[in-house]
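# Structure assessment
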Amino acid sequence: MRKNRSAALAAASFLLLSGAAVAAAPAAVAGTPGGTRADDRNSDFNGDGHEDVLVGAPGATVSGKRGAGLVTVQYGSGRGIGTSAVARFSQSTAGVAGAAEAGDGFGRAVATGDLDADGFDDAIVGIPGEDIGDRADAGGVAILWGSEQGLTGAASDWLETQEPTEGEKFGSAVTAARLTGDTPGDVLAVLDRDDLELFVYDAAPQARGAAPLKRLAAEGPAARADERHILPKSLTTGDYDDDGFADLVVSGVTVGEEEPGHGWSSYFSGGAEGLTYERDLRGGPAAASGDINGDGFDDLVTGEPRSPDDGGETLTGGLVGVRHGSAEGISQDVEWWTQDSAGVPGTAERGDGWGADLSVADTDKDGYADVAVGAPGEDIGTVADAGAVWVLRGAAAGPTATGAKSWDQNSAGVPGTAEKGDKWGAQVRLTDPDGDGRFGLLASAPGENTGDGVVWVLPAGAGGVTAAGSWTYGAGSLGAPAQDAAFGAAIDE
């Protein structure tokens, strides 16, 4: 619960409070201020040129408060990530706004971006279960600032709506990218229960403590209810038209009497003067971006794990759609994939949840981004909802099943055993912390060990992702509370 709100907060539309002056990253290691293309979102908190990994554990017990939640960061190096160069943050960490309370869900959503353009990426933590005064689950967002020493809780910032509403769940999804020329850094996008809000800095990094974020006008999904009411669930960005500005896709499901439960996304193009709503696209509520066909334009991949048919009945398996980018932006044409597509391992079955999470990056350094697909509802033999993951390869013509692979916890070389309700693949992320140009796979099972949660690391070699050399870790491995933590419920894309 947040108490004693300041008069400045009450007077503003939306404010990011506090903050202190920070030093810019050394030129030799500084990241590019403001992410545009999907492949330059490098999550580099300490500016050393290596990608870092941010993981949410929203169920963790902190200061005796069950479900208060926490996040962990593992710093990348030439050796990749491990369990020693790590840090942990919660609302009980010194300097982090607020206080750990039961059910806050700190880390239910996570993202990274260089909001203040100082060359160090910052961590954005969604807290949709935060109570504001007597308004339960109004939600909030915490921002942990990057520095040469990495993330720090000191001078962290807090973001909430001016008039918090019970059940609003502000911070249910977050992302950041260079969507506009209004700011030298990344634009922060935040979802709540119904709609989208955007925030930017006006000031240089050194003036950050004196300058709140300002709200950008944006026609979010709920504002166009007369066209199609899309209940937003996730966010992705990519430069689909290769104009040097990131574009934004808000993905969700339709609500209302006509075609309820269908996956749809709203596409906004970025530009020097801000975002422009373009159109709605079939596909969602999961989404990811990357250049699958190597033509210089990011492509959009959407996942619909519970795709209903025209009669409203749930289709078996799940559905993944691919739309290519071009000078005109995201194509109207879409290529649909299921487990029954030729060459894709497995068979589509009701409840698989294929496409529940997605990630797009180049796993074998061939110049084409590949597509990781999670199916946490996949049954392994007679073991229900054990979960599995896939990688479809990129090629000049787009995704291909040639060379497609899948793994589950019973696959050779994968640690563990498939168990009921593990939901392996609930989160998938392709990441390159050792900087060799080949993106390995992180696959999480938040239900593992009766809800503790575990993340698997599948490395990448010349042939792409492989189970050889794979290993696992949980919150306890990183020195954080593990019981019922749901570790891996969110992994930064």
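No experiment lies behind these values; they were computed from the predicted model shown.

With that settled, the discussion passes to the overall build of the protein. Of regular secondary structure, the protein possesses 2 helices and 31 strands. Counting across all 493 residues of the protein, residues that qualify as buried make up 60%. By sequence separation, contacts in the protein at least 24 residues apart represent 57% of the contacts at least 6 residues apart. A total accessible area of about 17,400 Å² is found for the protein, and carbon and sulfur atoms account for 48% of it.

On to the side chain of R429, then. Tracing the backbone through its elements, the reader meets R429 in strand 25 (residues 427-431). At 2.8 Å, the side chain of R429 forms a polar contact with the backbone oxygen of D492. Among all residues touching R429, those that are not within four sequence positions of it are S43, E51, D52, V53, L54, S359, G440, L441, L442, I491, D492 and E493.

The tendency in soluble globular proteins is for nonpolar side chains to be buried as a group. Residues V301, W337 and W354 are the most contacted members of the largest nonpolar core, which totals 23 residues. Of all the secondary structure elements, the ones that give two or more residues to this core are strand 17 (286-290), strand 19 (319-323), strand 21 (357-361), strand 22 (370-375), strand 23 (388-393) and strand 24 (400-407). Each residue touching V301, except ones within four places of it in the same chain, is listed here: A286, A287, A288, I292, V320, G321, V322, L358, V360 and V371. Listed in part, the 21 residues of the second largest apolar core include F45, A123, V125 and W158.

One open sheet accounts for 4 strands, arranged 21-22-23-24; its pairing is antiparallel. Because the sheet does not close on itself, it has two edges, and the strands there are strand 21 and strand 24. Sheet twist, expressed as the mean angle between neighbouring strand axes with direction ignored, is 20°. Note that strand 21 and strand 22 share 5 bridges and pair antiparallel. Bridge pairing in strand 22 places D357 opposite G374.

Read across the open sheet, the 4 strands follow the order 25-26-27-30; overall the sheet is antiparallel. Two strands lie at the open edges of the sheet, namely strand 25 and strand 30 (471-474), each paired on one side alone. If you compare each strand with its neighbour and ignore which way they point, the axes differ by 20° on average. With 5 bridges joining them, strand 25 and strand 26 (residues 440-445) adopt antiparallel strand pairing.

Let us look at the pattern of salt bridges. Inspection of the entire model under this criterion finds 7 salt bridges. With a shortest N-O distance of 2.3 Å, R429 and E51 are connected by a salt bridge. Within this pair, whereas R429 is found in strand 25, its partner E51 is found in the loop between strand 1 (14-17) and strand 2 (53-57), the two being separated by 378 residues in sequence. On the accessibility criterion, R429 (1% relative accessible area) is buried. Here D364 ties to R393 by a salt bridge, and the two come within 2.1 Å at their closest N and O atoms.

Turning our attention to unusual backbone geometry. Of note, the bond from G284 into P285 is cis; its omega dihedral lies within 30 degrees of zero at 10°. Positive phi values are uncommon outside glycine, yet K169 reaches one of about 55°. Turning to its location among the elements, K169 is positioned in the loop between strand 8 (152-161) and strand 9 (173-177). Phi is positive for D385, close to 55°, though the residue is something other than glycine. On the secondary structure map, D385 appears in the loop between strand 22 and strand 23. Using a relative accessible area of 31% as the deciding quantity, one classes D385 as partly exposed.

A separate point is the side chain of S470. Checked against the element boundaries, S470 lands in the loop between strand 29 (464-465) and strand 30. By relative accessible area, which is 12% here, S470 ends up buried. Engagement of the side chain of S470 in a polar contact is seen with the backbone oxygen of G413, the distance being 2.7 Å.

What follows concerns the packing of aromatic side chains. Between two aromatic rings, the relevant description is the distance of the centres plus the angle of the planes. Tallied over the full model, the rule gives 6 aromatic pairs. Both rings, one in Y240 and one in Y267, keep their centres 6.1 Å apart while their planes meet at 85°; by these two values the pair is edge-to-face. In this pair, Y240 is assigned in the loop between strand 13 (230-238) and strand 14 (247-254) and Y267 in strand 15 (residues 263-269), connecting sequence segments 27 residues apart. Judged by relative accessible area, Y240 falls into the buried class, the value being 0%. An aromatic cluster is present here, built from W471, Y473 and F487 joined pairwise through their rings.

When pLDDT is averaged along the protein, the result is 86; 85% of the residues meet or exceed 70. Note that residues 1-33 has pLDDT below 50 and, in this model, 87 contacts with residues that lie over four places away or in other chains. Across residues 203-212, confidence stays below pLDDT 50; counting only partners more than four residues off in sequence or on other chains, it has 23 contacts.

The buried fraction of strand 18 (residues 299-304) is high, at 6 of 6 residues. Residues D299, V301 and G303 point to one face of strand 18 and L300, T302 and E304 to the other, with burial holding for every one of them. Here strand 17 runs beside strand 18; their pairing, made up of 5 bridges, is antiparallel. Paired with G290 across the bridge in strand 18 is D299. Relative to strand 19, strand 18 runs antiparallel, the two being bridged by 5 bridges. In the strand pairing of strand 19, T302 is matched with G321.

What follows concerns the environment of T112. One can find T112 in strand 5 (residues 109-113). Along the sequence, T112 and V125 sit 13 residues apart, while their C-alpha atoms lie 8.7 Å from each other. Not counting chain neighbours up to four residues away, the residues in contact with T112 comprise S43, F45, L54, D122, I124, A176 and D492. Within polar-contact distance, the side chain of T112 engages the side chain of S43 at 3.0 Å. Side-chain polar atoms of T112 contact the side chain of D492, separated by 3.1 Å.

What counts and how
Residues numbered from 1 in each chain as written. Predicted model: local features only at pLDDT ≥ 70, side-chain atom pairs only at ≥ 80, totals over all residues. Heavy atoms only, no water. Helix = DSSP H or I, 4+ residues; strand = E, 2+ residues; numbered from the N terminus. Buried < 20%, exposed > 50% of the residue type's maximum accessible area, 1.4 Å probe, protein only. Contact = heavy atoms within 4.5 Å. Areas by Shrake-Rupley, 256 points an atom, 1.4 Å probe, with all protein chains shown as cover. Polar contact = N/O pair within 3.5 Å; in protein donor to acceptor, adjacent residues only side chain to side chain. Core = buried A, V, L, I, M, F, W, Y, C linked by side-chain atoms within 4.5 Å. Pairing = 2+ DSSP bridges. Axes fitted to C-alpha atoms, helices over the stretch in contact; angles between N-to-C directions. Salt bridge = Lys/Arg side-chain N within 4 Å of Asp/Glu carboxyl O. Phe/Tyr/Trp six-rings, centres within 6.5 Å; stacked < 30°, edge-to-face > 60°. pLDDT = per-residue confidence, 0-100.

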